[in-house]
Amino acid sequence: MAIDRRREAAGSGAGRQPAPAEENGSLPPGDAAASAPLGGRAGSGGSAEIQPLPALHPSGGPHSSCCAAAAAPSLLLLDYDGSVLPFLGGLGGGYQKTLVVLTWIPALFIGFSQFSDSFLLDQPNFWCHGAGKGTELAGATVTGRWGDMGNWTSPSATPFSTASWGTTSNRSNSSDTPPLPSPPGKGNNDSNCECHAWDYGIRTGLVQNVVSKWDLVCDNAWKVHVAKFSLLVGLIFGYLITGCIADWVGRRPVLLFSVIFILIFGLTVALSVNVTMFSTLRFFEGFCLAGIILTLYALRIELCPPGKRFIITMVASFVAMAGQFLMPGLAALCRDWQVLQALIICPFLLMLLYWSIFPESLRWLMATQQFESAKKLILYLTQKNCVSPESDIKGVMPELEKELSRRPKKVCIVKVVGTRNLWKNIVVLCVNSLTGYGIHHCFARSMMGHEVKVPLLENFYADYYTMASIALASCLAMCLVVRFLGRRGGLLLFMILTALASLLQLGLLNLIGKYSQHPDSGMSDSVKDKFSIAFSIVGMFASHAVGSLSVFFCAEITPTVIRCGGLGLVLASAGFGMLTAPIIELHNQKGYFLHHIIFACCTLICIICILLLPESRDQNLPENIANGEHYTRQPLLSHKKGEQPLLLTNAELKDYSGLHDVAAVGDGLSEGATANGMKTM
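Cut-offs used in this document
- Residues numbered from 1 in each chain as written.
- Predicted model: local features only at pLDDT ≥ 70, side-chain atom pairs only at ≥ 80, totals over all residues.
- Heavy atoms only, no water.
- Helix = DSSP H or I, 4+ residues; strand = E, 2+ residues; numbered from the N terminus.
- Buried < 20%, exposed > 50% of the residue type's maximum accessible area, 1.4 Å probe, protein only.
- Areas by Shrake-Rupley, 256 points an atom, 1.4 Å probe, with all protein chains shown as cover.
- Polar contact = N/O pair within 3.5 Å; in protein donor to acceptor, adjacent residues only side chain to side chain.
- Contact = heavy atoms within 4.5 Å.
- Axes fitted to C-alpha atoms, helices over the stretch in contact; angles between N-to-C directions.
- Parallel < 35°, antiparallel > 145°, perpendicular 65-115°, else oblique.
- Left-handed = near helix turned anticlockwise from the far one by under 90°.
- pLDDT = per-residue confidence, 0-100.
- Nonpolar A, V, L, I, M, F, W, Y, C, P; charged D, E, K, R; others polar.
- Expected span 1.5 Å × (residues − 1).
- Salt bridge = Lys/Arg side-chain N within 4 Å of Asp/Glu carboxyl O.
- Phe/Tyr/Trp six-rings, centres within 6.5 Å; stacked < 30°, edge-to-face > 60°.
- Disulfide = S-S within 2.5 Å.
- Patch = residues over 30% accessible without salt bridge, like charges linked within 9 Å, V, L, I, M, F, W, Y side chains within 5 Å.
- Core = buried A, V, L, I, M, F, W, Y, C linked by side-chain atoms within 4.5 Å.

### A word on the overall build of the protein
(1) Moving on: Tallying secondary structure elements over the protein gives 26 helices and 4 strands in all.
(2) Moving on: Across the 681 residues in the protein, those meeting the buried criterion constitute 55%.
(3) Moving on: When the accessible surface of the protein is totalled, it reaches about 28500 Å², and 65% of it is carbon and sulfur.

### Quick notes on the side chain of Arg 309
(1) Moving on: Note that Arg 309 resides in helix α13 (residues 309-334).
(2) Moving on: Note on Arg 309: relative accessible area 0%, which makes it buried.
(3) Moving on: Among the polar contacts made by the side chain of Arg 309, one reaches the side chain of Glu 556 at a distance of 2.8 Å.
(4) Moving on: For Arg 309, the residues in contact, after removing those within four places along its chain, are Asp 81, Ile 301, Cys 304, Phe 552, Glu 556, Ser 616, Gln 619, Asn 620 and Leu 621.

### A closer look at the packing of helix α12 (residues 275-303) against α13
(1) Moving on: For the pair α12 and α13, interaxial distance at closest approach is 9 Å and the crossing angle is 150 degrees. Taken together, the axis directions place α12 and α13 in an arrangement best described as roughly antiparallel. At the point where α12 passes α13, the crossing takes the right-handed sense. Seen from α12, the contacting residues are Tyr 297, Arg 300 and Ile 301; seen from α13, they are Arg 309, Ile 312, Thr 313 and Ala 316.

### Observations concerning the confidence of the model for the protein
(1) Moving on: Per-residue pLDDT for the protein has a mean of 73; in total, 67% of the residues score no lower than 70.
(2) Moving on: Segment residues 651-681 is flagged for pLDDT under 50; beyond a separation of four residues in sequence, or across chains, it makes 78 contacts in the model.

### Overview of the packing of helix α10 (residues 222-249) against helix α11 (residues 251-269)
(1) Moving on: Contact pair α10 / α11: the axes reach a minimum separation of 7 Å and the direction vectors enclose 135 degrees. When the interaxial angle is binned, α10 and α11 end up oblique. Seen from α10, the contacting residues are Thr 242, Ile 245, Ala 246, Asp 247 and Val 249; seen from α11, they are Arg 251, Pro 253 and Val 254.
(2) Moving on: Tallied by class, residues from the contact of α10 with α11 come to 5 nonpolar, 1 polar and 2 charged.

### Here we look at α12
(1) Moving on: The end-to-end C-alpha distance of α12 is 42 Å, a good match for the 42 Å that 29 residues give at a rise of 1.5 Å each.
(2) Moving on: Counted residue by residue, α12 has 23 buried out of 29 residues, so it is predominantly covered.
(3) Moving on: Where α12 begins, the side chain of Asn 274 points an oxygen toward the backbone nitrogen of Thr 276, at a separation of 3.2 Å.

### A word on the pattern of salt bridges
Should the charged atoms of two oppositely charged side chains come close, the side chains can pair.
(1) Moving on: With the rule as written, the count across this model stands at 10 salt bridges.
(2) Moving on: Put simply, Glu 556 and Arg 487 hold a salt bridge, and the shortest N to O gap is 2.8 Å. Taken as a pair, Glu 556 in helix α21 (residues 525-557) and Arg 487 in helix α20 (residues 460-515) lie far apart in primary sequence, 69 residues in all. Arg 487 carries the same exposure label as Glu 556, and that label is buried.
(3) Moving on: Because the salt bridges share partners, they merge into one network encompassing Asp 247, Arg 251, Glu 302 and Arg 563.

### Observations concerning the environment of Ala 545
(1) Moving on: Inspection of the secondary structure puts Ala 545 in helix α21.
(2) Moving on: Separated by 50 residues in the primary sequence, Ala 545 and Met 495 place their C-alpha atoms 8.6 Å from one another.

### Side note on the packing of aromatic side chains
(1) Moving on: Throughout the structure, instances matching the rule amount to 18 aromatic pairs.
(2) Moving on: With a centroid separation of 5.3 Å and an interplanar angle of 70 degrees, the aromatic rings of Phe 119 and Tyr 464 are classed as edge-to-face. Taken together, the positions of Phe 119 in helix α7 (residues 117-120) and Tyr 464 in helix α20 put the pair 345 residues apart, joining distant regions of the chain. Tyr 464 shares its class with Phe 119; the two are buried.

### Some points on the state of the cysteines
(1) Moving on: Summed over the entire model, instances satisfying the criterion amount to 0 disulfides.
(2) Moving on: In this model Cys 430 remains outside any disulfide bridge; the closest cysteine sulfur is found in Cys 554, 6.6 Å from its own.
(3) Moving on: According to the relative accessible area criterion, Cys 430 is buried, its value standing at 13%.
(4) Moving on: Unpaired in terms of disulfides, Cys 602 finds its nearest cysteine sulfur in Cys 606, a separation of 6.3 Å.
(5) Moving on: Its relative accessible area of 23% is what places Cys 602 among the partly exposed residues.

### A few points about a nonpolar patch on the surface
(1) Moving on: A contiguous nonpolar surface patch, about 580 Å² in accessible area, is contributed by Phe 237, Leu 240, Ile 241, Ile 245, Trp 248, Val 249 and Leu 569.
(2) Moving on: Considering each element in turn, the nonpolar patch owes the most residues, 6 residues, to α10.
(3) Moving on: Within the secondary structure layout, Phe 237 lies in helix α10.

### Looking at the nonpolar core
(1) Moving on: In terms of nonpolar packing, the biggest core is built from 136 residues, with Leu 255, Ile 292, Leu 340, Leu 362, Met 366 and Met 478 touching the most fellow members.
(2) Moving on: Considering every element that reaches this core, the biggest residue donor is α12, with 15 residues.
(3) Moving on: Look past the residues within four positions of Ile 292 in its chain and what remains in contact with it is Ile 110, Leu 255, Ser 258, Val 259, Ile 262, Phe 348 and Met 351.
(4) Moving on: If you look at the next biggest cluster of nonpolar residues, it comprises 11 residues, including Ile 439, Cys 442, Phe 443 and Met 540.

This is the structure:
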């Protein structure tokens, strides 16, 4: 009865109209306004948008109304997707389209940099200098781990290793390097590394790479893995640090300074005189590359209206994959690793022009209440888009004039510690990205590893393009699945596929291996290999989608004031997942099986945790922490018409307890409200 009295009191109040039906994760307007003085988000199209919050009048007096207005800016200005973006012409404005294209172009250069390790640090086949062709063949025959070496095209051709893509870590040698040809009677591994001069057969189209430059074989092979660590660790630290800086000083300064320093460190990498200098400079190159990736991702999201965010982000992913596919041709064209490194970095010179072309994110300026700078940028954008002042039907500019004296309010990512829902959402997505990228290496190693003897997978280019093709197919499938199932449904589906592929590979293959030992079972090692490849392809396909979708999901549900910080956490988690690959390789694959089991268990945990996430499809981006808190979980299936909710809202619980009667009168609740937003009528 107390709830009914409160509804009647709220319905009879002046100026309190029931909000339209909402089902995608927003709280009722009254409850949102009570807990968030800064206001919420407003939608402009249909019931799928989050509705504007009415002004808060807790006690009904004029004095309290003035205090509320002084405490928070106009809700119209915080409603960027519903008011400011339509005034600027949305994505239909010519200048906004130009800015989106400018965020796509660097994705090609980023793709080159991200996959450069596969060529710069590929472990080649090697033999002692002066050993004849017959000795090489004899060595290959004695060791028995290199497959068929008789497919040379000419006497001068170099035998290719059948190692896994980019590494030789799957061999059983304790030195983690291919064995040297051993003369008869000297078959022990200790004698394989007694040579002091080497000849190399590089598989990646280069005449010389980092390994052959400084003889990183035998006792020095561990330095290759350290060089791989350096780029990934630089990316991890870069995501965490540049994300916080971008939320404090803006996206544009971080982007431009990252471009300047990646040019300095990246070009200096090509001039390295030893592997220590190479690894150190690669750390700083990765740090700066993280700043470019992070700021471009955030700018791309913040430029787009709700319906275009995903497809525009996926276009950037496809451009980066184009860089992955073009990388072998670029390596074959350069022939030398130093030329390749310089050619990868030099295109970033074009991004220096962004200082005069690319403006600061208007959405970030509005969210952090930098209204003076926002006004100048709005006037600049309206001039570029030839927007008439008459199109400002909601009165954005008059409201902006009233708020010019307000002081900026910037927020750091550490503020999420005091939230209730926002930190939970970010942690869940961090675990998802860590699991997706971590288990991806397990599937890749199973397919490209030494236990699978398939001729197609015994060539560097076959391995490389197989991985790239699986990633491309994953992104294409992600576009279709997210369109029909939404962000949360798509993430849940791909995580279930990842878990199934992992569990079947761990359990079923061991069972097949036991039966293959019995001659009457009809099972053989070839059957096991085929199943392993099939499960690995499915696992790589699904885990790549899990990692990519987790990053995008985080960008949508994290408020604008801390979006780069939240993105940095999820991308850094993805980096930790990738870091497990060189760690396992450094230990010569010891603990690989346990590594796979741990990530398989994580997939089961993630399936449960994904159900706690909200759905962000067609929703306005949250602008401040209060908006982000109001993204609440909703059921996967929508409520049926006339169905009563099983849970009470926060406002109803307050009123039922009788502890907040004054606030309850001010918080009007429409008849269609549920615990997960607004019920569809």
